[in-house]
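Residue-level listing of the chains:
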Amino acid sequence: MSLPKDYSLRPVQQSDLAQYVEVLSVLTTVGSVSESDFAKLVAHWEENPEIYYPMVVTNEKDVVVATGMLVVERKLIHGCGKVGHIEDIAVAETEQGKKVGQYLIDHLSLEAKARGCYKVILDCAERNVGFYEKCGYTRAGVQMSQRYD
Ligand code: ACO
C-alpha cells in the first residue's frame, strides 16, 4: 500500500490547526479551537510520544488531506500489556477513494504492532465497517457510551 505520488505522512504540527480542523470536520463537529489551545495540545502529544502518535497525510503542497491517531494504553492485564486505539480517522472529501485512508490504517496498525501492542481496536459507524474489513479488521464487541457534553 502506498500514498499517491508526492503525498507524505508526518506528525501533526502546531501550524496545522486550520487544515486539521477542516479535515476532521468530515468526521465530527470540532468546535472552535484557538491557536494557543492547539499549541498546548500538540505540545502535550509531543511530550508523551509513548502514548500519542498523531499523524497527518499531506499533499505535494504540504496541505493536510487526512488525519489519524494511535493512542497506546498501558494495562495491567495481559502481563502489563499494551492496547492500541485508532482514533480520528478522516480523509478530506476530495481525497477519498485514493487509498489514503487504508494507507493510514495500515501504518497506524503496524506502529501499534511495532510498539508491542497485543491488539489494536477502534470504534466506527456501521457505514464504515466495510472499509475497516478491507483494512483487515473484524467486528469485535459492542461500543457503549455515556455523554457529558
Ligand atoms: N464502506 C465500504 N468500503 C469502503 C468504504 C465504506 N464506507 N470506504 C472506503 N471503502 C473501500 C474502498 O472502496 C476501497 O476498496 P477497494 O480496495 O476494493 O478499492 C477500500 O475501502 C480502501 O478505501 P480508501 O480509498 O483507502 O478509503 P478513503 O481514503 O476514502 O477513507 C474513510 C475511508 C476514512 C472512511 C473516509 O471515507 C472518511 O474520512 N470518511 C469520513 C470520516 C469517517 O467516517 N472516518 C472514520 C471514523 S472511525 C475512526 O476514526 C476510528
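Residues numbered from 1 in each chain as written. Predicted model: local features only at pLDDT ≥ 70, side-chain atom pairs only at ≥ 80, totals over all residues. Heavy atoms only, no water.

A. Examining the side chain of Asn-59 more closely. Checked against the element boundaries, Asn-59 lands in the loop between β2 (52–58) and β3 (64–74). Among residues more than four places away in sequence, those in contact with Asn-59 are Asp-6, Tyr-7 and Val-65. (Helix = DSSP H or I, 4+ residues; strand = E, 2+ residues; numbered from the N terminus. Contact = heavy atoms within 4.5 Å.)

B. Quick peek at the site of the ligand. The local shell around the ligand holds 24 residues, among which Ile-89, Val-91, Lys-99, Gly-101 and Lys-134 are the closest. Val-91 places a main-chain nitrogen or oxygen 2.8 Å from an oxygen atom of the ligand. Separating an oxygen atom of the ligand from a side-chain N or O atom of Asn-128 is a distance of 2.8 Å. For the ligand, the protein covers 75% of the area, taking 980 Å² as the surface of the free molecule. Looking at the shell around the ligand, the element that brings in the most residues is strand β4 (residues 82–91), giving six residues. Among the residues forming the shell around the ligand, the class breakdown is 11 nonpolar, six polar and seven charged. (Near = heavy atom within 4 Å. Polar contact = N/O pair within 3.5 Å; in protein donor to acceptor, adjacent residues only side chain to side chain. Areas by Shrake-Rupley, 256 points an atom, 1.4 Å probe, with all protein chains shown as cover. Nonpolar A, V, L, I, M, F, W, Y, C, P; charged D, E, K, R; others polar.)

C. Molecular detail of the pattern of salt bridges. Under the defined criterion, the tally for this structure stands at 10 salt bridges. One salt bridge connects Asp-6 with Lys-5, and the closest N-O pair in it is separated by 3.2 Å. For the salt bridge of Lys-98 with Glu-95, the shortest nitrogen-to-oxygen distance reads 2.9 Å. Given a relative accessible area of 10%, Glu-95 falls into the buried group. The network of salt bridges with common partners includes Arg-10, Asp-16 and Asp-62. (Salt bridge = Lys/Arg side-chain N within 4 Å of Asp/Glu carboxyl O. Buried < 20%, exposed > 50% of the residue type's maximum accessible area, 1.4 Å probe, protein only.)

D. Quick look at helix α2 (residues 35–47). Over its 13 residues, α2 extends 18 Å from the first C-alpha to the last, a length consistent with the 18 Å expected when each residue adds 1.5 Å. Along α2, the positions that sit buried rather than exposed are Phe-38, Val-42 and Trp-45. Summarising the axial view, the buried residues of α2 lie within an arc of 55 degrees, below the 170-degree limit, and thus occupy one face. Seen from the buried face of α2, the exposed residues on the opposite side, beyond 90 degrees, are Lys-40 and Glu-47. Elements in contact with the buried residues of α2: α1 (17–24), β2 and β3. (Expected span 1.5 Å × (residues − 1). Arc of directions from axis to C-beta.)

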